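Close look at the chain arrangement
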Amino acid sequence: MIYQAKNYDYLYGTQGFSDELLKNHFTLYEGYVKNVNTLAAQIAKWDREGKEKSPEYDECKRRFGWEFNGMRLHEYYFGNMKKNS
């Protein structure tokens with residue numbers, strides 16, 4: 001599965017958050033999405049090659065979990081923000 005970064009630009013101008021802060025967090029979120037896709041592709045490649053019992057594979061899976069959690073938690077956070085509340 002390939003993940004696409006969601007667009008949260010509508011949150012610019014949210015009271016209590018500077019646009020610079022939001023931009024930094026959106027950039028961080030987009031990095032998580034990119035890394036999730038990169039790691040998922042590498043894991044799938046190693047699965048096809050039968051290399052799922054290597055330290056590199058294990059580290060890739062661990063890193064995938066970290067990146068996926070970062071991506072998903074940002075989506076929950078941004079999804080619960082209300083611009084004019």
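Scroll up a little and you will see the structure.
The sections below set out a description of the structure shown in this document. (Residues numbered from 1 in each chain as written. Predicted model: local features only at pLDDT ≥ 70, side-chain atom pairs only at ≥ 80, totals over all residues. Heavy atoms only, no water.)

**Section: the nonpolar core**
- Y3, Y8, L11, L22, F26, Y29, Y32, V33, V36, M71, F78 and M81 form the largest nonpolar core, which has 12 residues in total.
- Those elements that place two or more of their residues in this core are α1 (19-49) and α2 (55-80).
- It is α1 that contributes the most residues to this core, 6 residues altogether.
- If we skip the residues at most four places from it in the chain, F26 touches Y8, D9, L11, Y12 and F78.
- Formed by 5 residues, the second largest nonpolar core is a distinct cluster that contains L39, I43, W46 and Y57. (Core = buried A, V, L, I, M, F, W, Y, C linked by side-chain atoms within 4.5 Å. Buried < 20%, exposed > 50% of the residue type's maximum accessible area, 1.4 Å probe, protein only. Helix = DSSP H or I, 4+ residues; strand = E, 2+ residues; numbered from the N terminus. Contact = heavy atoms within 4.5 Å.)

**Remarks on α2**
- Spanning 26 residues, α2 covers 38 Å between terminal C-alpha atoms, matching the ideal 38 Å at 1.5 Å per step.
- Within the sequence span of α2, burial applies to Y57, C60, E67, G70, M71, H74, E75 and F78.
- For α2, the elements touching its buried residues are α1. (Expected span 1.5 Å × (residues − 1).)

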